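Summary of the model geometry
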Amino acid sequence: STWGLKKIMGCVATDTRPKSEATYGFQKGGDLSEAVDHALNKGAGDDSLSMELELHFSCKDLINVDTTSETDSAVVVYLKSNGKQRMIGKTETITDNLNPEFVTSVIVKYFFEEKQEMRVAVYDIDNFDKSASVEQNLIGYVDLHVHDIVTSPGAKFIRPLTDPKGKKGKLGDLIIPVSYTHLRAHETEADLVCRLLLEKK
């Protein structure tokens, strides 16, 4: 029921515990997924609970793969399903920079009840006349679940790039800050989850 959901998510004024102990129904030290799982297991409905995430990308200490200048990099994002991957977005190319901060973001729809596999790949763009990423030099990639980004401390996911040839060595770090496209003014991520649950039909 709506009342039950409000009570589960702490969206009513009856909870008198200090905020350090109860903030929108989350236990201290918990995360969004715990609250969502709890609410869904209590019968929040049959429809999939989802929200849009806006992912931003940057890299730190990229390996220099160019001989006469520094790396010209771009990020390509894939969703993986049934052993296949589908490109859902890519950034612009930033030239001669080993610590690129990309302006172009990628929108991903996050389904709370699903395990969404994603690959984020960083390419060195050698041929600016060809847009197909397969024709570029793959520097490294990160395989993850969308859930990993959502639950990252401080809403910022950081992980070292994996070498496509399986070699050991430092290739650089991938950084993915996330923002919530449905977040309203003065609304926290916890408020958003609560509102989405209550809006389910």
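Treat the numbers as computed from the prediction; the structure is a model and nothing was measured.

Definitions and limits used
- Residues numbered from 1 in each chain as written.
- Predicted model: local features only at pLDDT ≥ 70, side-chain atom pairs only at ≥ 80, totals over all residues.
- Heavy atoms only, no water.
- Pairing = 2+ DSSP bridges.
- Helix = DSSP H or I, 4+ residues; strand = E, 2+ residues; numbered from the N terminus.
- Axes fitted to C-alpha atoms, helices over the stretch in contact; angles between N-to-C directions.
- Salt bridge = Lys/Arg side-chain N within 4 Å of Asp/Glu carboxyl O.
- Buried < 20%, exposed > 50% of the residue type's maximum accessible area, 1.4 Å probe, protein only.
- Core = buried A, V, L, I, M, F, W, Y, C linked by side-chain atoms within 4.5 Å.
- Contact = heavy atoms within 4.5 Å.
- Lys, Arg positive; Asp, Glu negative; His and termini not counted.
- Polar contact = N/O pair within 3.5 Å; in protein donor to acceptor, adjacent residues only side chain to side chain.
- pLDDT = per-residue confidence, 0-100.

Reading across the sheet, the four strands line up as β4-β3-β6-β7 and stay open at both edges, with antiparallel pairing between neighbours. The sheet is open, and its two borders are formed by β4 (84-90) and β7 (137-145), each paired with just one other strand. Neighbour-to-neighbour, the strand axes of the sheet open up by a mean angle of 25°, direction not taken into account. Sheet topology note: the strand β3 (residues 73-81)/strand β6 (residues 117-124) ladder contains eight bridges and is antiparallel. Residue Val 77 lies in a different strand from β6, and its bridge partner there is Val 120.

On to the pattern of salt bridges, then. Inspection of the entire model under this criterion finds three salt bridges. In this structure, Asp 173 engages Lys 170 in a salt bridge whose closest nitrogen and oxygen atoms are separated by 2.9 Å. By relative accessible area, Asp 173 is classed as buried at 16%. Looking at Lys 170, the relative accessible area reads 52%, which means it is exposed. One connected set of salt bridges, linked through shared partners, spans Lys 80, Arg 119 and Asp 143.

What follows covers unusual backbone geometry. Its identity as a non-glycine residue notwithstanding, Asp 61 has a phi of 55°, on the positive side. Position of Asp 61 relative to the elements: it lies in the loop between β2 (58-60) and β3. With relative accessibility at 44%, the residue Asp 61 sits in the partly exposed group. Positive phi values are uncommon outside glycine, yet Asp 96 reaches one of about 50°.

With 33 residues, the main nonpolar core has Leu 55, Phe 57, Met 118, Val 120 and Leu 174 as its most contacted residues. Mapped by element, the contributors of at least two residues to this core are β1 (50-55), β3, β5 (106-111), β6, β7, α3 (146-150) and β9 (173-180). In this structure Val 120 touches Phe 57, Val 75, Val 76, Val 77, Gly 140, Tyr 141, Val 142, Leu 144, Leu 174 and Ile 176, once residues within four positions along its chain are discounted. Residues Ala 74, Val 76, Ala 121 and Ile 125 belong to the second largest nonpolar core, which totals seven residues.

In this section: the side chain of Asp 124. Tracing the chain through its elements places Asp 124 in strand β6. Lys 165 provides the closest opposite charge to the buried, salt-bridge-free Asp 124, at an N-O distance of 12 Å. Within the local environment of Asp 124, its side chain forms a polar contact with the backbone nitrogen of Asp 72, the two atoms lying 3.1 Å apart.

This part is about the confidence of the model for the protein. Overall, the prediction assigns the protein a mean pLDDT of 74, with 60% of residues at 70 or greater. Mean pLDDT in the protein bottoms out at helix α1 (residues 2-9), which sits at 42, and peaks at β2, which reaches 97. In the model, residues 1-30 has pLDDT below 50 throughout and makes 39 contacts with residues more than four positions away in sequence or in other chains.

Our next topic: the side chain of Thr 91. Take Thr 91: it is sitting in the loop between β4 and β5. The class of Thr 91 is buried, set by a relative accessible area of 9%. For Thr 91, the contacting residues outside a window of four places in its chain are Phe 57, Ala 74, Val 75, Phe 102 and Thr 104.

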